[in-house]
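# Descriptive structure summary
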Amino acid sequence: MHTFHHILVHTVFGTKNREGFLTREIRARLWPYLGGIARENQMRALAIGGMTDHVHLLLSVPTTLSVSKAMQVLKTNSSKWIHETFPELRHFSWQEGYGAFSIGVSGIQDTIDYIETQEVHHRVRSFREELESFLHKHGLPFEAEMLD
């Protein structure tokens with residue numbers, strides 16, 4: 001018997017202290033790089049987007065890789081690449097945590113659209129407000145200081 005799975009996770013993580021390191025130029029190069037990291041680790045990135053201070057990914061994650069390990073691989077390798085590619089960003093780092101939210105098949109296109117239109121969302125809402133909204137929507141308890 002074969003094993004079949006389709007595990008979709010919408011992940012969100014920010015730059016340390018929400019610093020706006022991810023300029024348009026950097027994002028234009030970082031998104032494909034993140035997709036390559038995903039591929040090299042048997043993940044599939046269905047969408048990648050974000051703003052100067054955070055990243056969203058819609059990932060299909062294999063059963064052999066925990067979400068926490070997937071995030072560690074993506075963040076560690078992309079941080080190393082940023083340091084090597086943009087020496088002026090030697091102080092760059094990602095925040096310690098991340099958000100990971102399960103997505104059903106019926107929510108794929110809405111999630112892709114959401115990730116691809118980040119600039120529109122963030123004209124009226126900050127990353128923190130966005131994250132709080134996700135946490136409320138998914139019924140996850142949190143303290144305000146956890147989001148700093």
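Per chain, residue numbering runs from 1 following the sequence as it is written. Only residues with pLDDT of at least 70 are given local features in this predicted model, and only at 80 or more are side-chain atom pairs given and counted; all residues enter the totals for whole chains, interfaces and linings. In computing side-chain properties, one takes all heavy atoms of the structure into account and sets aside hydrogens as well as water.

### Looking at the overall build of the protein
- Helix numbering and strand numbering both begin at the N terminus, where a helix is a DSSP run of H or I of at least 4 residues and a strand a DSSP run of E of at least 2. For the protein, the count of helices and strands is five helices and four strands.
- Secondary structure elements in the protein, listed N-terminal to C-terminal, are β-α-β-β-α-β-α-α-α.
- For the radius of gyration, the atom set is restricted to C-alpha positions; the globular benchmark scales as 2.2 Å times the number of residues to the power 0.38. What you see for the protein is a C-alpha radius of gyration of 15 Å, in line with the 15 Å of a compact globule of 148 residues.
- At a minimum sequence separation of 6, the contacts of the protein that also span at least 24 residues come to 70%.
- Within the structure as shown, the protein displays about 8,500 Å² of accessible surface, and the carbon and sulfur contribution to it stands at 52%.
- Here the protein contributes 15 positively and 17 negatively charged side chains, and the mean placements of these two sets differ by 5 Å. Any two residues whose heavy atoms approach within 4.5 Å at even a single point are treated as in contact. Calculation of accessible area relied on Shrake-Rupley with a 1.4 Å probe; when residues are assessed, cover is drawn exclusively from the protein chains displayed. Counted as positive: Lys and Arg. Counted as negative: Asp and Glu. His and the chain ends are not counted at all. In this description, the location of a charge corresponds to atom NZ of lysine, CZ of arginine, CG of aspartate or CD of glutamate.

### A closer look at helix α5 (residues 127-137)
- Every buried residue of α5 is listed here: Phe127, Glu130, Leu131, Phe134 and Leu135. For α5, the arc enclosing every buried residue in end-on projection is 135 degrees, short of the 170-degree limit, so these residues lie on one face. Turned more than 90 degrees away from the buried face of α5 sit His136 and Lys137, all of them exposed.
- Looking at the buried residues of α5, the elements they touch are β1 (8-14), β3 (54-60), β4 (99-102), α3 (108-116) and α4 (118-121).
- One or two residues past the end of α5 sits Gly139, with phi positive at roughly 65 degrees. Note on classification: 1.4 Å probe, protein chains only; a residue is buried when its accessible area is under 20% of the maximum for its type, exposed when over 50%, partly exposed between these limits. The arc in question is the one spanned by the directions pointing from the helix axis to the C-beta atoms.

### Some remarks on the pairing of strand β2 (residues 44-51)
- In this structure, β2 lies alongside β3, joined through seven bridges in antiparallel fashion. By the bridge assignment for β3, Ala45 is matched with Leu59.
- If you look at the hairpin formed by β2 and β3, you'll find two residues sitting between the two strands. Here, any two strands with at least 2 DSSP bridges between them count as paired.

### A closer look at the pairing of β1
- Judged by how many residues are buried, β1 sits mostly within the fold: seven of seven residues are covered.
- The sheet contact formed by β1 and β3 spans seven bridges and is antiparallel. Within β3, the residue paired with His10 across the bridge is Leu58.
- Sheet topology note: the β1/β4 ladder contains four bridges and is antiparallel. Note that in β4 the partner of His10 across the bridge is Phe101.

### Remarks on the packing of helix α1 (residues 24-40) against helix α2 (residues 67-85)
- At a minimum axis separation of 10 Å, α1 and α2 run at an interaxial angle of 135 degrees. Between α1 and α2, the crossing angle belongs to the class labelled oblique. Crossing geometry of α1 relative to α2 is assigned as right-handed. Contact residues: α1 offers Arg29, Leu30, Tyr33, Leu34, Ile37 and Ala38, while α2 offers Val73, Leu74, Asn77, Ser78, Trp81, Ile82 and Thr85.
- Each residue receives one of three labels: charged for Asp, Glu, Lys and Arg, nonpolar for Ala, Val, Leu, Ile, Met, Phe, Trp, Tyr, Cys and Pro, and polar for the others, Gly being one of them. Its residues assigned to classes, the contact of α1 with α2 comprises nine nonpolar, three polar and one charged. All axes here are fitted lines through C-alpha atoms, helices being fitted over the stretch that makes contact, and every angle between N-to-C directions spans 0 to 180 degrees. Roughly parallel means an angle under 35 degrees; roughly antiparallel means over 145; roughly perpendicular covers 65 to 115; every other angle is labelled oblique. Left-handed describes a crossing in which the near helix is turned anticlockwise from the far one by less than a right angle; the clockwise case is right-handed.

### Thoughts on the pattern of salt bridges
- Take a side-chain nitrogen of Lys or Arg and a carboxyl oxygen of Asp or Glu: if they are within 4 Å of each other, that pair is a salt bridge. Per the stated rule, a full pass over the model turns up four salt bridges.
- Residues Glu119 and Arg27 are paired through a salt bridge, measuring 3.6 Å at the closest nitrogen-oxygen approach. One end of the pair, Glu119, is in helix α4; the other, Arg27, is in helix α1, with 92 residues separating them in the sequence.
- Residues Lys80 and Glu84 are paired through a salt bridge, measuring 2.9 Å at the closest nitrogen-oxygen approach. On the criterion of helical spacing, the pair formed by Lys80 and Glu84 is a turn pair, its members being four residues apart in helix α2. Comparing Lys80 with Glu84 shows no difference in burial state: the two are exposed.
- Among the charged side chains, a network of salt bridges with common partners joins Arg24, Arg27 and Glu119.

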